[in-house]
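# Reading the structure
Residues per chain, in single letters:
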Amino acid sequence: MKSDYICPKCNGHLRVRNSIIFLTKDKKGHSALVLLSPEVGDYSFHMHKSVEIADGEHTNFICPICYENLNTDDLNQNLAKVLRIDENGKKSEIIFSQIKGEKCTFIVCDGNLEAFGDHTNNYLDHFGVK
Ligand SMILES: [Zn+2]
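Residues numbered from 1 in each chain as written. Predicted model: local features only at pLDDT ≥ 70, side-chain atom pairs only at ≥ 80, totals over all residues. Heavy atoms only, no water.

### Observations regarding the coordination of the zinc ion
Condition: For Na, K and Ca the donor cut-off is 3.2 Å, and for all other metals it is 2.8 Å, counting N, O and S atoms only; because water is absent from this set, sites may look incomplete. Working rule for geometry: tetrahedral if four donors all subtend angles between 85 and 135 degrees; square planar for four, octahedral for six, if opposite donors exceed 155 degrees and the others stay between 65 and 115; irregular in every other situation. Here a strand is any run of E in DSSP of at least two residues, a helix any run of H or I of at least four, and the numbering for each starts at the N terminus. The buried label applies to any residue whose accessible area, calculated with a 1.4 Å probe on protein chains only, is under 20% of its type's maximum; exposed applies above 50%, and partly exposed to all values in between.
Only Cys7 (SG), Cys10 (SG), Cys63 (SG) and Cys66 (SG) from the protein coordinate the zinc ion, and they sit 2.3 Å from it. With four donor atoms in place around the zinc ion and angles of 103 to 115 degrees between them, the coordination shape is tetrahedral. When the donor residues of the zinc ion are listed from N- to C-terminus, their spacing reads C-x2-C-x52-C-x2-C. A residue pair is termed long-range when its members are at least 10 positions apart, and Cys10 in the loop between strand E1 (4-6) and strand E2 (15-16) and Cys66 in the loop between strand E6 (60-62) and strand E7 (71-72) qualify at 56 residues. Taking relative accessible area as the criterion, Cys66 reaches 25% and is therefore assigned partly exposed.

This is the structure:
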């Protein structure tokens, strides 16, 4: 069994087969669907070829089921959060950057923090870590 990814607002399943599906909205209000890899540390993604998002641009990640914004307002407006339930039924928080091209993912599980990606230093202070 593979990990499930869950919306923290509605508990809806965001993973279908081998992709996590989000609705994104850029600053101009343009919406698009994005497919992310469920593998932490894999920053490849898929969008329709008509969608153009510049490197460094902030897009809001939104649950495609309940339309709630997945921002972590308590941490940083650049970061979004989903829940992951792994093959053993263990629940963790997956926190990732909404900035195009910024590679950073945090896994919070039982109060422990794991950081992945080249740009995690930009955010570590939000977790009380230097
Ligand atoms: Zn939802």
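### Some remarks on the pattern of salt bridges
Which entries qualify depends on this criterion: By salt bridge we mean one thing: a side-chain nitrogen of Lys or Arg within 4 Å of a carboxyl oxygen of Asp or Glu.
Considering all chains together, one arrives at three salt bridges under this definition. For Lys100, the salt bridge is made with Asp55, and the minimal N-O distance between the two is 3.7 Å. Here Lys100, found in the loop between strand E9 (91-97) and strand E10 (105-109), pairs with Asp55, found in the loop between strand E5 (45-47) and E6; they are 45 residues apart in sequence, far enough to count as distant. Assessed through its relative accessible area of 25%, Lys100 is described here as partly exposed. Notably, a salt bridge pairs Glu93 with Lys81, separated by 3.6 Å at the nearest N-O pair. Of this pair, Glu93 sits in strand E9 while Lys81 sits in strand E8 (residues 76-85), and the two are 12 residues apart along the sequence. Given a relative accessible area of 27%, Glu93 falls into the partly exposed group.

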